[in-house]
Amino acid sequence: MALQRYDRETLFFFAYHFNKNHRAIAVAWAVLSIVFTVLACLAFSQPQWIGDTDDSPGYGHFGVYQYCRPDNIQNDYQCEGTFTDFSTIPNNSFKAVTVLSGLSALFMLIVVGALIMFFCFKKGYIFVICGCLELLTGWCFKTFFVALALTNP
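Source: prediction; values computed, not measured.

### Thoughts on the overall build of the protein
And step 1. A count of helices and strands for the protein gives three helices and four strands.
And step 2. Order of helices (α) and strands (β) in the protein, N terminus to C terminus: α-β-β-β-β-α-α.
And step 3. Buried residues in the protein amount to 26% of all 153 residues.
And step 4. When contacts within the protein are restricted to residue pairs at least 6 apart in sequence, long-range pairs at least 24 apart make up 48% of them.
And step 5. When the accessible surface of the protein is totalled, it reaches about 11,000 Å², and 66% of it is carbon and sulfur.

### As for the pairing of strand S3 (residues 67-71)
And step 1. Here strand S2 (residues 61-62) runs beside S3; their pairing, made up of two bridges, is antiparallel. In the strand pairing of S3, His61 is matched with Cys68.
And step 2. Turn length for the S2-S3 hairpin, with the two strands adjacent in sequence and antiparallel, is four residues.
And step 3. Between the end of S3 and the start of strand S4 (residues 76-80), which pair antiparallel, lie four residues, with Asn75 showing a positive phi angle near 55°.

### Observations regarding the state of the cysteines
And step 1. Within the structure shown, the criterion is met by zero disulfides.
And step 2. In this structure Cys132 is not part of a disulfide, and its nearest cysteine sulfur, from Cys130, lies 9.5 Å away.

### Describing the nonpolar core
And step 1. Counting 25 residues, the largest nonpolar core has Tyr65, Val97, Val111, Leu115, Phe118, Cys130 and Phe144 as its most contacted members.
And step 2. Counting only elements with at least two residues in this core, the list comes to helix H1 (8-45), helix H2 (92-116) and helix H3 (123-149).
And step 3. Per element, the largest residue contribution to this core is nine residues, and it comes from H2.
And step 4. Ignoring any residue separated from it by four or fewer positions in sequence, one finds Phe118 in contact with Ala26, Lys123, Ile126 and Phe127.

### Some remarks on the environment of Gly63
And step 1. Among the structural elements, Gly63 can be located in the loop between S2 and S3.
And step 2. Look at Gly63 and you get buried, because its relative accessible area is 4%.
And step 3. It is 3.7 Å that separates the C-alpha atoms of Gly63 and Pro47, two residues lying 16 residues apart in sequence.

### Observations concerning the packing of aromatic side chains
And step 1. On inspection of all chains with the given rule, the structure shows five aromatic pairs.
And step 2. Through pairs of rings, three or more aromatic residues link up here, namely Phe44, Tyr65 and Phe83.

### Here we look at the pairing of S4
And step 1. Where S3 meets S4, five bridges bridge the pair, whose relative direction is antiparallel. Across the sheet, Pro70 pairs through a bridge with Tyr77, a residue of S4.

### Quick word on the packing of H1 against H2
The geometry of a pair of packed helices is captured by two quantities: the angle between their axes and the separation between those axes.
And step 1. Following both chains from N to C, one finds H1 and H2 inclined at 150°, their axes separated by 9 Å at the closest point. One element, H1, and the other, H2, form an angle in the roughly antiparallel class. Judged by the twist between their axes, the crossing of H1 over H2 is left-handed. Of H2, the residues touching H1 (which contributes Ala30, Ser33, Ile34, Phe36, Thr37, Ala40, Cys41 and Phe44) are Thr98, Ser101, Gly102, Ala105, Met108, Leu109, Val111, Val112 and Leu115.

Quick notes on the rules
- Here the residue numbering is sequential within each chain, running from 1 through the sequence in written order.
- Reporting of local features is limited, given that this is a predicted model, to residues whose pLDDT is at least 70; pairs of side-chain atoms are given and counted only at 80 or more, and all residues count toward the totals for whole chains, interfaces and linings.
- Derived side-chain values reflect all non-hydrogen atoms in the structure, with water molecules and hydrogen atoms excluded from consideration.
- Segments assigned H or I by DSSP are reported as helices when at least four residues long, segments assigned E as strands when at least two residues long, and all are numbered from the N terminus.
- Buried, partly exposed and exposed residues are distinguished by accessible area as a fraction of the type maximum, computed with a 1.4 Å probe on protein chains only: under 20%, between the cut-offs, and over 50%, respectively.
- In what follows, residue pairs with any heavy atoms lying within 4.5 Å of each other are defined as contacts.
- Only the protein chains shown count as cover for residues, and all accessible areas are computed by the Shrake-Rupley method using a 1.4 Å probe.
- Pairing between two strands requires that DSSP report at least two bridges joining them.
- Pairs of cysteine sulfur atoms within 2.5 Å are identified as disulfides in what follows.
- As used here, the term nonpolar core means buried Ala, Val, Leu, Ile, Met, Phe, Trp, Tyr and Cys residues forming a set that is joined through side-chain atoms within 4.5 Å.
- Pairing of aromatic rings covers Phe, Tyr and the six-membered ring of Trp, with a centre-to-centre limit of 6.5 Å; geometry is then stacked below 30 degrees between planes, edge-to-face above 60, and tilted otherwise.
- Structural elements are reduced to axes, namely lines fitted to C-alpha atoms, with helices fitted over the stretch in contact, and the angle between N-to-C directions of any two is expressed from 0 to 180 degrees.
- For classification, angles of less than 35 degrees are called roughly parallel, those exceeding 145 degrees roughly antiparallel, those between 65 and 115 degrees roughly perpendicular, and all remaining angles oblique.
- Put simply, a crossing is left-handed when the front helix is turned counterclockwise from the back one by less than a right angle, and right-handed when it is turned clockwise.

Structure follows, in structure tokens:
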């Protein structure tokens, strides 16, 4: 198989379009990473995961590490639990979910910080760093959902 040689104009054309597409992919990756970071942080911090609907058999709602009960005196919810004190988390599955969802939110915050470094370093290095961190985030979320599925109500 013979190598095909291109003239100078053709190479310039390919390089120009590669750079243009490279920037577009970088911008799309950054926007989608920022959206996913917001979702990961909300999933970690919000206690409104399960409960407190019209069809709920009980009352209140809970999230990864925090559970809330209605307070009839103040007509508000009284929330208990914190991710820094593991003794307030109900069982081991929720402790694992708390750690994994916290790690995934942290990794995505680092990815957003690394995407800002596009202006300082080579884009190839930043793509590799962000890709590895997003793979770790995906693994944490996969394990997170497995641990959540193993939770006994």
